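So the chains spell out like this:
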Amino acid sequence: MNPEEQRIAIAKACGWEVREIIYNNGTAKSWVSKGKEPIPDYLEDLNAMHEAVKQLPIKSNFAYHLRRVMGMPEYPTEEQVTHWSTMAINATAAQRAEAFLKTLNLWEDAR
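Residues numbered from 1 in each chain as written. Predicted model: local features only at pLDDT ≥ 70, side-chain atom pairs only at ≥ 80, totals over all residues. Heavy atoms only, no water.

Engineer: Run through the overall build of the protein, naming residues and quoting values.
Structural biologist: The secondary structure content of the protein amounts to five helices and two strands. A total of 111 residues make up the protein; the buried ones form 29% of that total. Total accessible area on the protein is roughly 7400 Å²; 49% of this is exposed by carbon and sulfur atoms. (Helix = DSSP H or I, 4+ residues; strand = E, 2+ residues; numbered from the N terminus. Buried < 20%, exposed > 50% of the residue type's maximum accessible area, 1.4 Å probe, protein only. Areas by Shrake-Rupley, 256 points an atom, 1.4 Å probe, with all protein chains shown as cover.)

Set out below in structure tokens:
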């Protein structure tokens with residue numbers, strides 16, 4: 001998924017009514033909610049991702065996907081799990097966005 005597709009999918013999953021606005025010159029695009037606010041930049045904004053993750057019904061699935069996005073093996077050792085806890089604190093917004101979308105089965109790999 002490209003970054004714009006990720007932002008839109010996360011926004012929709014969080015209840016935004018997303019529509020496209022094309023400016024007069026026909027080239028610039030912006031995605032906005034029904035209130036004409038720009039959707040958050042989930043891939044760059046940790047606060048926005050924190051709010052998005054609050055919408056998830058089961059956080060353990062998100063933790064699983066975040067571990068996988070960050071390169072943790074499926075069956076980690078106890079030492080790896082301890083190390084992952086430290087790594088998770090430093091997960092980027094983009095890593096959290098990918099894990100969020102995978103948790104909801106909305107992630108689409110590039111073809």
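Text resumes after the structure shown.
Engineer: So, the nonpolar core: which residues are in play, and what are the values?
Structural biologist: Core analysis: the biggest nonpolar cluster contains 26 residues, and Ile10, Tyr42, Met49, Phe62, Leu66 and Phe100 have the highest contact counts within it. At the level of secondary structure, the elements contributing two or more residues to this core comprise helix 1 (3-13), helix 2 (46-53), helix 3 (59-69), helix 4 (78-89) and helix 5 (93-103). Take this core: its biggest share by element is five residues, from helix 5. Residues contacting Leu66, with those up to four places away along its chain left out, are Trp84, Ala91, Gln95, Arg96 and Ala99. (Core = buried A, V, L, I, M, F, W, Y, C linked by side-chain atoms within 4.5 Å. Contact = heavy atoms within 4.5 Å.)

Engineer: Tell me what's going on with a negative patch on the surface, and back it up with residues and numbers.
Structural biologist: The grouping of Glu4, Glu5, Glu108 and Asp109 at the surface amounts to a negative patch. With respect to the helices and strands, the residue Glu108 is situated in the segment after helix 5. (Patch = residues over 30% accessible without salt bridge, like charges linked within 9 Å, V, L, I, M, F, W, Y side chains within 5 Å. Salt bridge = Lys/Arg side-chain N within 4 Å of Asp/Glu carboxyl O. Lys, Arg positive; Asp, Glu negative; His and termini not counted. Charge placed at Lys NZ, Arg CZ, Asp CG, Glu CD.)

Engineer: Give a detailed account of the packing of helix 2 against helix 5, specifying residues and quantitative values.
Structural biologist: Following both chains from N to C, one finds helix 2 and helix 5 inclined at 20°, their axes separated by 9 Å at the closest point. Considering their axes alone, helix 2 and helix 5 lie roughly parallel with respect to each other. Every pair of crossing elements has a handedness; the one defined by helix 2 and helix 5 is left-handed. On the side of helix 2, the interface is formed by Leu46, Met49, Ala52 and Val53, while helix 5 contributes Ala93, Arg96, Ala97 and Phe100. Along the lines of polarity and charge, the residues of the contact of helix 2 with helix 5 split into seven nonpolar, no polar and one charged. (Axes fitted to C-alpha atoms, helices over the stretch in contact; angles between N-to-C directions. Parallel < 35°, antiparallel > 145°, perpendicular 65-115°, else oblique. Left-handed = near helix turned anticlockwise from the far one by under 90°. Nonpolar A, V, L, I, M, F, W, Y, C, P; charged D, E, K, R; others polar.)

Engineer: Outline unusual backbone geometry, listing residues and values.
Structural biologist: Even without glycine at this site, Asn105 takes up a positive phi of about 55°. Mapped onto the elements, Asn105 comes out in the segment after helix 5. Classification of Asn105 by relative accessible area gives exposed; the value is 71%.

Engineer: How would you explain helix 2 if you had to name every residue and give the values?
Structural biologist: All buried positions along helix 2 are accounted for by Ala48, Met49, Ala52 and Val53. Down the axis of helix 2, the buried side of the element spans an arc of 135°, and every buried residue falls inside it. At its buried positions, helix 2 is contacted by helix 1, helix 3 and helix 5. Where helix 2 begins, one side-chain oxygen reaches toward the backbone nitrogen of Asn47, 2.9 Å away; that side chain belongs to Asp45. (Arc of directions from axis to C-beta. Polar contact = N/O pair within 3.5 Å; in protein donor to acceptor, adjacent residues only side chain to side chain.)

Engineer: So, the pattern of salt bridges: which residues are in play, and what are the values?
Structural biologist: Applying the stated criterion to the full structure yields three salt bridges. Across the pair Lys54 and Glu51 runs a salt bridge whose closest N-O atoms are separated by 3.1 Å. Using a relative accessible area of 47% as the deciding quantity, one classes Lys54 as partly exposed. On the basis of relative accessibility, which here comes to 43%, the residue Glu51 falls in the partly exposed class. In this structure, the salt-bridge partner of Glu98 is Lys102, at a minimum N-O distance of 2.7 Å. With Glu98 and Lys102 both in helix 5 and four residues apart, this pair spans about one turn of that helix. When its relative accessible area of 25% is taken as the criterion, Lys102 is described as partly exposed.

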